[in-house]
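Here are the chains, one letter per residue:
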Number of protein chains: 2
Amino acid sequence: MSKGLPKRSEDYSLWYNELVKRADLAENSAVRGCMVIKPYGFAIWEKMQAVLDKMFKDTGHSNAYFPLLIPKSYLSKEADHVEGFAKECAVVTHYRLKNNDAGDGVVVDPAAKLEEELIIRPTSETVIWSTYKNWIQSYRDLPVLVNQWANVMRWEMRTRLFLRTAEFLWQEGHTAHATKMEAIEEAEQMHEVYARFAEDFMAMPVVKGTKSESERFAGALETYTIEALMQDGKALQAGTSHFLGQNFAKAFDVKFQSKEGKLEHVWGTSWGVSTRLMGALIMAHSDDEGLVLPPKLAPIQVVIVPIYRKEEELEAISDKVKEIKAALLKRGISVKFDNRDTFKPGFKFAEWELKGVPVRLAMGPRDLANGTVEVARRDTKEKNTYALEGIDATVEQLLEEIQNNIFTKALTYRDEHITEVSSYEEFKKVLEDKGGFVAAYFDGTKATEDKIQDETKASTRCFPVDWKDSEEGPCMITGKPGKKYLFAKAY
Amino acid sequence: MSKGLPKRSEDYSLWYNELVKRADLAENSAVRGCMVIKPYGFAIWEKMQAVLDKMFKDTGHSNAYFPLLIPKSYLSKEADHVEGFAKECAVVTHYRLKNNDAGDGVVVDPAAKLEEELIIRPTSETVIWSTYKNWIQSYRDLPVLVNQWANVMRWEMRTRLFLRTAEFLWQEGHTAHATKMEAIEEAEQMHEVYARFAEDFMAMPVVKGTKSESERFAGALETYTIEALMQDGKALQAGTSHFLGQNFAKAFDVKFQSKEGKLEHVWGTSWGVSTRLMGALIMAHSDDEGLVLPPKLAPIQVVIVPIYRKEEELEAISDKVKEIKAALLKRGISVKFDNRDTFKPGFKFAEWELKGVPVRLAMGPRDLANGTVEVARRDTKEKNTYALEGIDATVEQLLEEIQNNIFTKALTYRDEHITEVSSYEEFKKVLEDKGGFVAAYFDGTKATEDKIQDETKASTRCFPVDWKDSEEGPCMITGKPGKKYLFAKAY
Ligand SMILES: [Zn+2]
Ligand SMILES: [Zn+2]
């Protein structure tokens, strides 16, 4: 709190890192790439979890739990999957330590070497499909609609809090179906669930689309993605849903007897979002004073700060605050009364701004006398004086307004930053000068994609689903028939 | 479902294993000692989590998340702790795989060896106290009241689903305080929270007590435990809360400036319950027909089975069921209408009995005509016909009755199985003939405890807190001054 945050315009990356730390969201741990999610940050994640979990259950899914460790051999059962995942991961080779000879520490016991090494799950398709083999015999056992909330690990070399960490928290849905059509519908349904969550709760507009062949999940036939735009003009992949075809069913030999008595391989999907969403949430809305949180995900929606000199003034204010608090709680609004006597109001204002509390009430003796209260909104920093009478309804309406305003602001920015180009020259210029999403025809090949990425650092983000049937034209690089993709530099 | 469960009286252990599998609670995975928690089992665990999480928050705690992996050197920082925990654990030594020479699988890349090995957390005191060092400087930063829901791993050689698994799910609270008294109060408060949860929600009576010195948590000055009794007369430690003194603060050098300006070490507690509670819940109440679940933790509280021959009958029943369901849901009661046409009512009855659904409604055309419904309760297997009018209130009351009855039954059994003895001969005889808890004077030494355990397989369960000041007498083994402990064979 001693000095302000770095400015976004000067060093966006430093601004982000400092904000995450100073707002008490997360910090690095002693283990490289593994983060500690602090209570305030975790409270936001819990809010996200609660909403998503309800959305999953409302669409018929149940939670379950599968093992953290995966036999090494499982990873190579699905050929594409091992290429995409097996390489950078934590490997368990031993199961015991022993005292060292000096007696002042522990060493790995060489006698306790595992016959087959185990991998900390980077994702759980393999262990889950090996389990589904026992669960599924008949069409009566289908569909299997399961989700798990879990930690996973990918040994990343360059890590950033929330955005890219070796260990992260996520949910992974894994479903099994009797028909191709049903599996595709499931993957599309979850794609839609993620988009709704991003827009209606995170107040973060997203483009829904499908990934190019080379950007697909390892083992999937189609990857659906939601792509958001951050304030620095870089894109962020916020959630993906995969149609797996019969790939994992074939790799793990999962077959079912159909109604007609035929033995067929099962069709699958998987879909996930992670603590990466925390990074997206932070970057989508926050400003140089700190976090800006959408009210629907803010752990504290309203903070009340008393302004007083004498103890009697505080007492009178506290009595009134008790009433206001009760009225707000009754409307399901979370409130904190910051009556710490160790800090001055100005300090408290700055702290709650830093932490992104959407609405702040400040109340002094004069307000009390006038039956008013000063209300500040975090998003626009507007301050207004309102009557105490009916303040709970006023605040409730304001929270809705803030939720909408944050979304609209992000949407406007996003829409202003989708630029259609007709040549590679223009493509490069827009990327350089303006950033954001760039829409261009592209032939869909890995060679072209690699060339673009090497030369511009931009990658294909998606082929937007809304454009599906119409947008075809010659690739800006090769001139071959292409489709109009969105490109961007991305997190 | 093809044949009945083994009988408890014939093979309690087999009965348990089969029940866990057939009721779809959990199963073993391909990784030795690691279980898959199936959706129905996980739904019970989620109910437990929700209740406990609320109890933790109501007592002022917040959730956070700390890394899965712990540097090997951390484990040896607290001397007792390493003795208790460091030995049997999963060790990560490498961070990369590569394709094998044949190109048909993956091998560990020897070039990707970690400088310092990492341990999958068996418990998180070390990594959390190394973090608290950065969080705590002044008395203003205290108390720190944090909990985490996480997976942990202890390399067990003999595992049993829920009761003892290599990987398990749990919550671990870790708190830091300015004074010894406050830390002790915290440890005792959480002890009480666990006891309330066990009795009021799991319907499982527990003895609250403190552990003998040698049974204490590695690194604790006092371990508070809740001990439950299973139907085979064996005890089960269901939750522990530890007063850590300044041990971890000293090991990780966590100091704070007191109000008086002095630099002091912080006082700590930790406390946890795990998926082991699932095993306790199953064994405490279930019978030879399957699970008996306390209504407060049952994922499905009421199942409705239609009895019909013709399609029109099912339709008429379904219309009525829709009303009943709505009325029950309004009272917060979860209901499943089992209208599968692939199974007969008798099969469904057996299945929901196996799964422990507390109340079953069966409704046929005659019921519909009479305005009645057949209500069966799972705990006593009584069946009664009730008026449909007001059935929601009837069921609500019945659920309460079942919750109470299950508790009372377990309490009666438990109280009948606490036997006071005055000699070691008697002690051995009671253990052999009757089982349950045996109360005896014991001198508190490890030597005596080891002798008793070697000779009888019984261990000290606890020194009950209710007896604290009064019960002193000569040890049944050594004749030295002792206190009256509870002993039992235990899970
Ligand atoms: Zn096959
Ligand atoms: Zn120290």
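Residues numbered from 1 in each chain as written. Chains lettered and ligands numbered in written order. Predicted model: local features only at pLDDT ≥ 70, side-chain atom pairs only at ≥ 80, totals over all residues. Heavy atoms only, no water.

Per an unreviewed UniProt entry, chain A goes by Proline--tRNA ligase and derives from Persicobacter psychrovividus. The UniProt entry for chain A carries this comment under Subunit (unreviewed entry): "Homodimer." Comment text from UniProt for chain A, heading Subcellular location (unreviewed entry), reads "Cytoplasm". (UniProt positions renumbered as here; feature names shortened; annotations may be inferred.)

(A) Highlighting the interface of chain A and chain B. Of the residues lining the interface, 65 residues belong to chain A; the matching set on chain B comes to 65 residues. The junction of chain A with chain B conceals about 5100 Å² of combined surface from both sides, 66% of it contributed by carbon and sulfur atoms. The largest contributions to the chain A side of the interface with chain B come from Tyr65, Tyr95 and Leu97 of chain A, which together make up 13% of the buried area. Seen at the junction of chain A and chain B, the total is 4 salt bridges. (Contact = heavy atoms within 4.5 Å. Buried area = accessible area lost by both parts, 1.4 Å probe. Salt bridge = Lys/Arg side-chain N within 4 Å of Asp/Glu carboxyl O.)

(B) Quick look at the coordination of the zinc ion (ligand 1). Residue and element names in this part refer to chain A. Around the zinc ion (ligand 1), the protein contributes the donor atoms Asp253 (OD) and His265 (NE2), which lie 2.2 to 2.4 Å from the metal centre. Here aspartate 253 is found in the loop between helix H7 (247-251) and strand E14 (255-257), whereas its partner histidine 265 is found in strand E15 (residues 263-265), with 12 residues between them in sequence. With a relative accessible area of 34%, aspartate 253 lands in the partly exposed category. (Donors = N, O, S within 2.8 Å, 3.2 Å for Na, K, Ca; no water. Helix = DSSP H or I, 4+ residues; strand = E, 2+ residues; numbered from the N terminus. Buried < 20%, exposed > 50% of the residue type's maximum accessible area, 1.4 Å probe, protein only.)

(C) Region of interest: the packing of aromatic side chains. Residue and element names in this part refer to chain B. All told, the structure shown has 42 aromatic pairs over all chains when counted by the stated rule. With centroids separated by 5.0 Å and ring planes inclined at 40°, the aromatic side chains of tyrosine 12 and tryptophan 15 adopt a geometry described as tilted. Of this pair, tyrosine 12 and tryptophan 15 both sit in helix H1 (residues 12-22), 3 residues apart, which is roughly one turn of the helix. Taking relative accessible area as the criterion, tyrosine 12 reaches 11% and is therefore assigned buried. A relative accessible area of 0% places tryptophan 15 in the buried class. (Phe/Tyr/Trp six-rings, centres within 6.5 Å; stacked < 30°, edge-to-face > 60°.)

(D) Structural detail: the pairing of strand E8 (residues 113-120) of chain B. Residues and elements named next belong to chain B. The pairing of strand E4 (residues 69-71) with E8 spans 3 bridges and is antiparallel. Bridged to isoleucine 70 within E8 is isoleucine 119. By the bridge criterion, 3 bridges tie strand E5 (residues 91-94) to E8 in an arrangement that is antiparallel. Across the sheet, the residue bridging to valine 91 is isoleucine 119, located in E8. (Pairing = 2+ DSSP bridges.)

(E) Structural context of the sheet that holds strand E20 (residues 372-377) of chain A. All names here are of chain A. Here 5 strands make up an open sheet; going across it, the order is E18-E17-E19-E20-E21 and the pairing mixed. Here the strands that pair on one side only, and so sit at the sheet edges, are strand E18 (335-337) and strand E21 (383-387). The sheet shows a mean angle of 25° between the axes of neighbouring strands, direction not considered. Relative to E21, E20 runs antiparallel, the two sharing 5 bridges. Pairing of valine 375 across the sheet is with asparagine 384, part of E21. Helix H10 (residues 345-354) rests against strand E17 (302-306), E18 and strand E19 (359-363) of the sheet, and its axis sits at about 170° to E17. In the packing of helix H12 (residues 391-416) onto the sheet, the strands contacted are E17, E19, E20 and E21, and the crossing angle to E20 comes to about 10°. (Axes fitted to C-alpha atoms, helices over the stretch in contact; angles between N-to-C directions.)

(F) Spatial organisation of the nonpolar core. With 154 residues, the main nonpolar core has Ile120 of chain A together with Ile120 of chain B as its most contacted residues. Ignoring sequence-local partners within four residues, the contact set of isoleucine 120 of chain A consists of Leu68, Leu69, Ala90, Val92 and Met153 of chain A together with Leu68, Leu69, Val92 and Ile120 of chain B. With 25 residues, the next largest nonpolar core counts Val146, Phe252, Val254 and Phe256 of chain B among its residues. (Core = buried A, V, L, I, M, F, W, Y, C linked by side-chain atoms within 4.5 Å.)

(G) Structural view of the packing of helix H2 (residues 39-58) of chain A against helix H6 (residues 180-201) of chain A. Residue and element names in this part refer to chain A. Orientation of H2 relative to H6, taken along the N-to-C sense of each, is 145°, at an axis distance of 11 Å. The element H2 and its partner H6 pack so that their crossing is right-handed. Contact residues: Met48, Val51, Leu52, Met55 and Phe56 in H2; Met190, Val193, Tyr194, Arg196, Phe197 and Phe201 in H6. A breakdown of the residues in the contact of H2 with H6 according to their chemical character gives 10 nonpolar, no polar and 1 charged. (Left-handed = near helix turned anticlockwise from the far one by under 90°. Nonpolar A, V, L, I, M, F, W, Y, C, P; charged D, E, K, R; others polar.)

(H) Quick look at helix H14 (residues 446-456) of chain A. All names here are of chain A. Every buried residue of H14 is listed here: Thr448, Glu449, Ile452 and Thr456. Considered in projection along H14, the buried side chains sweep an arc of 100° and stay on one side of the axis. Turned more than 90 degrees from where H14 packs its buried face, Ala447 and Asp454 sit exposed. (Arc of directions from axis to C-beta.)

(I) Here's a closer look at the sheet that holds strand E8 (residues 113-120) of chain A. An order of E4(A)-E8(A)-E5(A)-E5(B)-E8(B)-E4(B) is seen for the 6 strands of this open sheet, with the pairing classed as antiparallel. Because the sheet does not close on itself, it has two edges, and the strands there are strand E4 (69-71) of chain A together with E4 of chain B. When strand polarity is set aside, the average angle formed by the axes of neighbouring strands in this sheet is 45°. Summarising the sheet, strand E5 (residues 91-94) of chain A and E5 of chain B pair through 3 bridges and their orientation is antiparallel. Bridge assignment links valine 91 of chain A to a residue of E5 of chain B, and that residue is histidine 94 of chain B.

(J) Examining the relation of the copies chain A and chain B more closely. When chain A is brought onto chain B, the operation consists of a screw motion whose angular component is 180° and whose axial shift is 0.0 Å, with 0.0 Å RMSD remaining. The superposition of one copy onto the other is thereby described by a two-fold rotation axis. Ranked by how close their C-alpha atoms come to the rotation axis, the residues of chain A are headed by valine 92 of chain A, at 2.1 Å. When the interface residues of chain A are mapped onto chain B, 100% of them again fall at the interface, so both copies present the same face. (Least-squares fit on C-alpha atoms with pLDDT ≥ 70 in both.)

(K) Representation of the pattern of salt bridges in the model. All chains considered together, the criterion is met by 70 salt bridges over all chains. The partner of arginine 96 of chain B in a salt bridge is glutamate 88 of chain A, and the shortest N-O contact between them spans 3.3 Å. Of the two residues, arginine 96 of chain B is situated in the loop between E5 and strand E6 (97-99) and glutamate 88 of chain A in the loop between helix H4 (79-85) and E5; the pairing between them involves two chains. With its nearest N and O atoms 2.7 Å apart, the salt bridge here joins lysine 54 of chain B to aspartate 58 of chain B.

(L) The environment of histidine 417 of chain B, seen in detail. Residue and element names in this part refer to chain B. Here histidine 417 shows up in the loop between helix H12 (391-416) and strand E22 (418-420). Spatially, the C-alpha atom of histidine 417 lies 14 Å from that of arginine 461, the residues being 44 residues apart in sequence. If near-sequence neighbours (up to four positions away) are discounted, histidine 417 is found in contact with Leu229, Lys434, Gly435, Gly436 and Phe437.

(M) Up close: unusual backbone geometry. Here the amide bond leading from leucine 142 of chain A into proline 143 of chain A is cis, since omega sits at -5°, within 30 degrees of zero. Within the secondary structure, proline 143 of chain A sits in the loop between helix H5 (125-135) and strand E9 (144-153). Here aspartate 24 of chain A, not a glycine, exhibits a phi torsion of approximately 60°, which is positive. The backbone of lysine 381 of chain B sits at a positive phi, close to 65°, despite the residue not being glycine.

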